[in-house]
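One letter stands for each residue in the lines below.
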Amino acid sequence: MVRIGVVTFPGSLDDHDALRAVRLTGAEAVPLWHGSDSIDGVDAIILPGGFSYGDYLRCGAIARFSPVMSTVIDAANAGMPVLGICNGFQLLCEAHLLEGAMIRNEHQHFICRDVRLRVETIDTTWTCAFAKGDEITIALKNGEGNYQASPETLRKLEDNDQVVFRYLDNPNGSAHDIAGITNERGNVVGLMPHPEHNVEELTSPTLDGVKFFESVLQFLSARV
Amino acid sequence: MPRVVVNVMPKPEILDPQGKAVTGALKRLGFDGLTVRQGKRFEIEVDGEVTPEVLARIGEAAEKLLANTVIESFDVVAD
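The rules we used
- Residues numbered from 1 in each chain as written.
- Chains lettered and ligands numbered in written order.
- Predicted model: local features only at pLDDT ≥ 70, side-chain atom pairs only at ≥ 80, totals over all residues.
- Heavy atoms only, no water.
- Helix = DSSP H or I, 4+ residues; strand = E, 2+ residues; numbered from the N terminus.
- Contact = heavy atoms within 4.5 Å.
- Polar contact = N/O pair within 3.5 Å; in protein donor to acceptor, adjacent residues only side chain to side chain.
- Salt bridge = Lys/Arg side-chain N within 4 Å of Asp/Glu carboxyl O.
- Buried < 20%, exposed > 50% of the residue type's maximum accessible area, 1.4 Å probe, protein only.
- Phe/Tyr/Trp six-rings, centres within 6.5 Å; stacked < 30°, edge-to-face > 60°.
- Lys NZ or Arg CZ within 6 Å of the ring centre and 35° of its normal.
- Pairing = 2+ DSSP bridges.
- Axes fitted to C-alpha atoms, helices over the stretch in contact; angles between N-to-C directions.
- Core = buried A, V, L, I, M, F, W, Y, C linked by side-chain atoms within 4.5 Å.
- Arc of directions from axis to C-beta.
- Buried area = accessible area lost by both parts, 1.4 Å probe.
- Nonpolar A, V, L, I, M, F, W, Y, C, P; charged D, E, K, R; others polar.

Looking at this structure, I do not really get the environment of A:Lys132. What am I missing?
All names here are of chain A. In this fold, Lys132 is placed in the loop between β6 (111-119) and β7 (135-142). C-alpha of Lys132 to C-alpha of Leu91: the two residues are 41 residues apart in sequence and 26 Å apart in space. Excluding residues that lie within four positions of it along the chain, Lys132 makes contacts with Val119, Glu120, Ile122 and Asp161. Within the local environment of Lys132, its side chain forms a polar contact with the backbone oxygen of Glu120, the two atoms lying 2.8 Å apart.

Can you help me understand the pattern of salt bridges in this one?
For side chains of opposite charge, pairing can occur when their charged atoms come near one another. Tallied over the entire structure, the rule returns 17 salt bridges over all chains. Between B:Glu43 and B:Arg3 there is a salt bridge, with its nearest N and O atoms 3.1 Å apart. Of the two residues, B:Glu43 is situated in strand β2 (residues 40-45) and B:Arg3 in strand β1 (residues 3-10); the sequence distance between them amounts to 40 residues. Classification of B:Glu43 as partly exposed rests on a relative accessible area of 44%. On the basis of relative accessible area, B:Arg3 is assigned to the partly exposed category, the value being 27%. Because the salt bridges share partners, they merge into one network encompassing A:Arg58, A:Glu94, B:Lys40 and B:Glu72.

Please clarify how the environment of B:Gly19 should be interpreted in this entry.
Residue and element names in this part refer to chain B. Mapped onto the secondary structure, Gly19 falls in helix α1 (residues 17-28). In the structure, Gly19 is positioned 52 residues away from Ile71 in sequence and 14 Å away in space, judged by C-alpha atoms. Contacts of Gly19, omitting those with residues within four sequence positions, involve Val36, Arg37 and Gln38.

Honestly, the packing of aromatic side chains in this entry has me stumped. Any pointers?
Each aromatic ring pair is summarised here by two numbers: the centre-to-centre distance and the angle between the ring planes. All names here are of chain A. Taken as a whole and judged by the stated rule, the model has three aromatic pairs over all chains. Taken together, the ring pairs connect Phe130, Phe165 and Phe212 into an aromatic cluster. Taking NZ or CZ as reference, Arg64 lies 4.1 Å from the ring centre of Phe65, over its face.

Please clarify how the sheet that holds β1(B) should be interpreted in this entry.
The strands making up a sheet are joined through hydrogen bonds of the backbone, oriented either antiparallel or parallel. Residue and element names in this part refer to chain B. Taken together, the three strands give an open sheet; going across it, the order is β2-β1-β3, and neighbouring strands pair in antiparallel fashion. In this open sheet, the two edge strands, each paired with only one partner strand, are β2 and β3 (72-78). Shown here is a sheet whose adjacent strand axes are inclined to one another by a mean of 20 degrees, direction ignored.

What exactly am I supposed to notice about the sheet that holds β7(A) here?
All names here are of chain A. The nine strands lie next to each other as β2-β1-β3-β4-β11-β10-β9-β6-β7, forming an open sheet whose pairing is mixed. Looking at which strands have only one partner, the edges of the open sheet turn out to be β2 (28-33) and β7. Within the sheet, the average angular offset between the axes of one strand and its neighbour, ignoring direction, is 25 degrees. Here three bridges tie strand β9 (residues 163-167) to strand β10 (residues 178-182), and the two strands are oriented antiparallel to one another. In the strand pairing of β10, Phe165 is matched with Gly180. In the packing of helix α5 (residues 210-223) onto the sheet, contacts are made with β1 (3-8), β3 (44-47), β7, β9 and β11 (188-191), and the angle to β3 comes to roughly 160 degrees.

So what exactly am I meant to see when it comes to the nonpolar core here?
Within soluble globular proteins, side chains that are nonpolar generally end up buried alongside one another. Counting 69 residues, the largest nonpolar core has A:Ile39, A:Ile45, A:Ile46, A:Met69, A:Tyr147 and A:Phe165 as its most contacted members. Ranked by residue count, the leading element in this core is helix α2 (residues 67-77) of chain A, at six residues. For A:Ile46, the residues in contact, after removing those within four places along its chain, are A:Ile4, A:Gly5, A:Val6, A:Val7, A:Ala18, A:Val22, A:Leu83, A:Ile85, A:Trp126 and A:Phe213. One finds B:Val6, B:Val46, B:Ile58 and B:Ala67 within the second-largest nonpolar core, a separate group that totals ten residues.

I tried to follow helix α1 (residues 15-24) of chain A on my own but got confused; where do I start?
The periodicity of an α-helix, 3.6 residues per turn, causes residues three or four positions apart to be oriented the same way. Residues and elements named next belong to chain A. Every buried residue of α1 is accounted for by Asp15, Ala18, Leu19, Ala21 and Val22. Down the axis of α1, the buried set is contained in an arc of 160 degrees. They therefore lie on one face. Two residues or fewer after α1 comes Gly26, characterised by a positive phi angle close to 100 degrees.

Can you help me understand the interface of chain A and chain B in this one?
Interfaces are often described in size by the accessible area the parts lose on coming together. Taken together, the contact pairs 15 residues of chain A with 15 residues of chain B. Between chain A and chain B, roughly 1300 Å² of surface is buried when both sides are summed, and carbon and sulfur atoms account for 69% of that area. There are one salt bridge connecting chain A and chain B. One salt bridge in this structure joins A:Arg58 and B:Glu72, with 3.8 Å as the shortest N-O distance. If you look at where chain A meets chain B, you find four residue pairs in polar contact (both at pLDDT 80 or more). Elements represented by at least two residues in the side of chain A that touches chain B include exactly β5 (101-103) and β8 (146-148) of chain A. Considering each element in turn, the side of chain A that touches chain B owes the most residues, three residues, to β5(A). By residue class, the composition of the side of chain A that touches chain B is six nonpolar, five polar and four charged.

Structure follows, in C-alpha cells:
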C-alpha cells in the first residue's frame, strides 16, 4: 500500500484533515513529526495548513529549519512527491523548493470561503488525475495568501508551465491570479486553497479535493 | 552590551498591504502627505566587540533567516 506522510509542526491545524483525506483515498496515512529527521520510508509527503511555530518572523520561516525539513528537502530534490497546502506552501517557498513568496492579502482581510480554481497543468504528481482546464471549487482560508514573485520568476513559471492553479476570481491580490505552482520537475506542488477539506459530502460543497490524492496514487502506482 | 540592528523592509516593487493600511489611517487622522512602508527591526545583543566579522556574520544570519530576500531587503548597522 502506498504510504503518504503528513508532517505535524507545533501550530499545524490541518494535519489530521490531511491524514484523513489520505486514508479516504485508500493510502496509508503516516503521521510525521517536525522534530525528527525521519520520514519513515513514506512514498510522498504533505506539509499541512496551520500556523507552524506561530508563524513568527514570517509564515513558515522557522518551520523551514526544523529537523524534518532537511530530510524533506533531500527527498523532494530526489523526486519524491511533496504537496504543500497553505502554510505548507509558504513553507515550501521559504525552503526554496518553490519560487516566490506570500505576503499579506490585499485589503488585509483574512479570507475564509470556497474559491473557484482552474487547473492549468496536469503535468505534476498531484494533478495528473485532472484534465487540463478543469474548473474546481476548493476551500480557501488564510491571511497571507497573496503570491508574489519577481517579473523574471513569473515569466519563467508561465513559460515552463509551472502555474498549476489559477483563481477564477482573485481573492487576495496574487500575481497572475496564481493559487498554486510547481517546481521544474513537477514533483513539488504548493497551493493556498485546502484540497483536504473537499473530500467528503458531509462537510464540503464539492469533492474536488479527492483528485489531488488520486493523482499522487496514480503517479506512484505507474512508477512501480 | 554591544548591539547590532537589522532593519528588514519590503522591497520597493513589492506591494506592502500593511504600510498601505497605515497610510490610509494616518490620512483619516489628518496626517496628510505621508506615505508609509512598514518593516521590521531586530535588535541583536552581541557577546564581545562588534567587529566587521561580527557584522558579516549577522548579515549572513539576516540573509538566511531574518529576511526573505525574495520580497524583502535588509541592512545591518552597529547601534
